[in-house]
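So the chains spell out like this:
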Amino acid sequence: METIKVLERIKRNSQLSAYAHFGAAERMSNLHLWLGIPTAVISVGLGSVLMADLKETIPDLVKWVAGVLSLVAALLSTLQTIFNPKVGKSKHREIANNYLAINKNSEIAIAAFHDGLIDIDGLSETLSELNEEYDSVGNSAQDYPTNDKDWKRAKNKIKEFDTRREALAASSLPSQAE
């Protein structure tokens, strides 16, 4: 049935998109640390140099280093403002969770159809709703892009899950000798 095939694609694509956005959220979290920690350390160091300068004269080399470090701190602060990794992380996680909800609802609809709980008309209606929701999440994700590395990691994660699921299913099957 084509309706089932389309639902399976939405299910798989939403799962892949979710894991890609979880990867992007992790990347944003790392960016937040890579920009924030050096900025804080440099700022504290500069504060110490300025305090020392108030007490006594310090060598010109230290003043030049302090000047360069102040420019680096300003650059890092600017990058934090531009990329805003804290907000990016939050939005990527929100998008990922929305995709996971679509994935779960697709799986439930397919199971309900196979179990005879809904007919093809009900399945078609569910497909239409899930497709609209999928498009809506996709539109909201446009301002929070993922990269190739996020997608590769997501594909690998799904392969791992599929392998585990297959191994679990094989181990729970009764053996031929019984």
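First, a word on what this report is: a plain description of the structure on this page. (Residues numbered from 1 in each chain as written. Predicted model: local features only at pLDDT ≥ 70, side-chain atom pairs only at ≥ 80, totals over all residues. Heavy atoms only, no water.)

### A short note on the overall build of the protein
We apply this condition: Helix and strand assignments follow DSSP, with helices taken as H or I runs no shorter than four residues and strands as E runs no shorter than two, numbered in order from the N terminus. Think of it in three bands: residues with accessible area under 20% of the maximum for their type are buried, residues over 50% are exposed, and the middle band is partly exposed, with areas taken using a 1.4 Å probe on protein chains only. In this analysis, two residues are considered to be in contact whenever any of their non-hydrogen atoms come within 4.5 Å of each other. In short, Shrake-Rupley with a 1.4 Å probe defines the accessible areas, and a residue's cover is counted only from the protein chains shown.
On a plain count of helices and strands, the protein comes out with 5 helices and 0 strands. The proportion of buried residues among the 178 residues of the protein is 28%. Long-range contacts, defined here as pairs at least 24 residues apart, represent 89% of the contacts in the protein between residues at least 6 apart. Carbon together with sulfur atoms contributes 58% to the accessible area of the protein, which is approximately 11,900 Å² in total.

### Things to note about the environment of Lys-5
Summarising the element assignment, Lys-5 is placed in helix H1 (residues 2-55). Between the alpha carbons of Lys-5 and Ile-110 there is a distance of 9.8 Å; along the sequence they are 105 residues apart.

### Quick look at the pattern of salt bridges
Put simply, the rule reads: We count a salt bridge whenever a side-chain nitrogen from Lys or Arg sits within 4 Å of a carboxyl oxygen from Asp or Glu.
The tally for this structure, following the rule as stated, stands at 7 salt bridges. Among the ionic pairs, Arg-153 bridges to Glu-26, the shortest N-O distance being 3.2 Å. Of this pair, Arg-153 sits in helix H5 (residues 148-172) while Glu-26 sits in helix H1, and the two are 127 residues apart along the sequence. Since its relative accessible area comes to 41%, Glu-26 is described here as partly exposed. Arg-165 is the salt-bridge partner of Asp-162, the closest N and O atoms lying 3.0 Å from each other. You can see Asp-162 and its partner Arg-165 sitting in helix H5, 3 residues apart, about one turn around the helix. Judged by relative accessible area, which is 16%, Asp-162 ranks as buried.

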